[in-house]
Amino acid sequence: MDDHLSSTPKNAIGLCLLPQELIQNIFLSLVLPEIVRLKLVNKSFSRIISDHTFVRQCNTLSTSTTWLFVYKKRWLRDAVLHAFTDRSSDRWFRIPIADLLKPVHFHGEDLYFLAASNNVFLFASNTVREVVAVNLVSVTVKKIPPSPLGPRGTSSWRRSGMKLVTEPSGSGHFRFMFAEFVGNHPVLFVYDSRTDTWKSTEAVESSASELSPRGGGHVFLNVVHGPSESVLVASTPECDAAVVLRPRFNYARGVGGNLSVGFSWGNVIDRLHVYGDGYMMIVKSEGDRVTGEGGVRVLKGVELWGLSLDGRKWEFVSTVGGVIEKPYAAMMGCLEEKNGIVMAALVSNCGGVWDMMWLSFDTKWMQWTWMPLPDCKMKGWNMAGISFSSGLTLP
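Looking up the protein chain in an unreviewed UniProt entry gives the name F-box domain-containing protein, with the organism given as Phaseolus coccineus.

This is the structure:
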């Protein structure tokens, strides 16, 4: 993390001479990674940041701050989690991961970033087929026992088919949920950190009108997408119910094609479908008319669709206006909804150069905002996971 306030001892000494109330106000203008680093500068800063009043004020601001985390790696020693927030829109924060994972002897060279919520981050290893939970603020790491399906490689985890839910109390406890077909039936699997155990529940068929899809406080996990129908599992955050939803896709807007998911590779498909929290974003593209290169496409438009109130179909919500056309050879994305705001990150690569865009849609005011993100220095690195999160707090 680049922190100008703590970059030199002279700056730290100068700050210590200011009244404590003024120092607290300065610290409150910073984002949490900067505050955590300042806590290590000297005893005076640590005492100010540990003050109960400061912690309460800081956490009130932090809970409403949304972060985008990107995990990139080259070798074990270079494994880094990069964090970006619109509260500090000109730079990324750099969080080394390798040292945090040393206590569990995790194989960082094949590590994959699964999900994040509040202070908890999940990583999976493809070699040892294990999942660990890392708390970035308390600097603790915990191995999660294998699920009832047994050890899983990183390719088995689907971003839209899993969800990490942390307890609002700030205790650090969490539930990790994912859904899969087992014997042709959708099944919900839930790990509870309080009991360190897994629970599996076969989802039941229902009209799901009582679930209030899209923003009703429920969790929606994507299981599979067919040519014209999706299968999702809906559950309460407490995991006391699991319901099957089978929304159908309406072709009236002329989108056409199947409900594909994942990377958009060159001229293979003209659309990328990104799923999350009961929403679907369709990224449209076409062949590059300028260069005529078969492996390069041009982003042409973005549409947002969401589950209908009865969960039986995908409904058109809105389209992004004024998105700059950009060429790409490969593209992926992630999507999340919280408090009526749908957020999506689109990550593209063209000629080895990475490009990222953050899009947000306010479902109350029906308004889009979007911005290109600053360079994350991805060239020559592998991206191994991306996730939104909010609610980073001080303990």
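Trainee: Quick rundown of the pattern of salt bridges? Include the residues and the values.
Mentor: Enumeration over the complete set of coordinates arrives at nine salt bridges. Where Lys 142 meets Asp 196, a salt bridge forms, and the shortest distance between an N and an O atom there is 3.4 Å. A residue pair is termed long-range when its members are at least 10 positions apart, and Lys 142 in strand β7 (residues 140-144) and Asp 196 in the loop between β10 (185-192) and β11 (197-202) qualify at 54 residues. Under the relative-accessibility criterion, Asp 196 is labelled partly exposed at 34%.

Trainee: Provide a residue-level description of the sheet that holds strand β4 (residues 111-117), including the pertinent values.
Mentor: If you walk across this open sheet you meet the four strands as β4-β5-β6-β7, and the pairing is antiparallel. Where the open sheet ends on each side, the last strands, each with one partner, are β4 and β7. Sheet twist, expressed as the average angle between the axes of neighbouring strands with direction ignored, equals 25 degrees. In the sheet, β4 pairs with strand β5 (residues 120-125) via six bridges, with the strands oriented antiparallel. Bridging across to β5, Ser 117 finds its partner in Val 120.

Trainee: Describe in detail the nonpolar core, supporting the description with residues and values.
Mentor: Phe 27, Phe 69, Tyr 71, Leu 81, Ile 97, Phe 121 and Phe 123 are the most contacted members of the largest nonpolar core, which totals 37 residues. Here this core spans two domains, since at least three of its residues come from each of domain 1 (3-56) and domain 2 (64-390). Val 283, Leu 304, Tyr 328 and Leu 346 belong to the second-largest nonpolar core, a separate cluster that totals 20 residues.

Trainee: Please give an account of the sheet that holds strand β1 (residues 66-73) that cites residues and values.
Mentor: Strands sit in the order β3-β2-β1-β27 across an open sheet of four strands; the sheet is antiparallel. The open sheet has two edge strands with one neighbour each: β3 (93-96) and β27 (382-390). Neighbouring strand axes in the sheet, compared pairwise and without regard to direction, differ in orientation by 25 degrees on average. Pairing of β1 with strand β2 (residues 80-85) involves six bridges; the strand directions are antiparallel. By the bridge assignment, Trp 67 is partnered in β2 with Thr 85.

Definitions and limits used
- Residues numbered from 1 in each chain as written.
- Predicted model: local features only at pLDDT ≥ 70, side-chain atom pairs only at ≥ 80, totals over all residues.
- Heavy atoms only, no water.
- Salt bridge = Lys/Arg side-chain N within 4 Å of Asp/Glu carboxyl O.
- Helix = DSSP H or I, 4+ residues; strand = E, 2+ residues; numbered from the N terminus.
- Buried < 20%, exposed > 50% of the residue type's maximum accessible area, 1.4 Å probe, protein only.
- Pairing = 2+ DSSP bridges.
- Axes fitted to C-alpha atoms, helices over the stretch in contact; angles between N-to-C directions.
- Core = buried A, V, L, I, M, F, W, Y, C linked by side-chain atoms within 4.5 Å.
- Domains from an automatic or database assignment.

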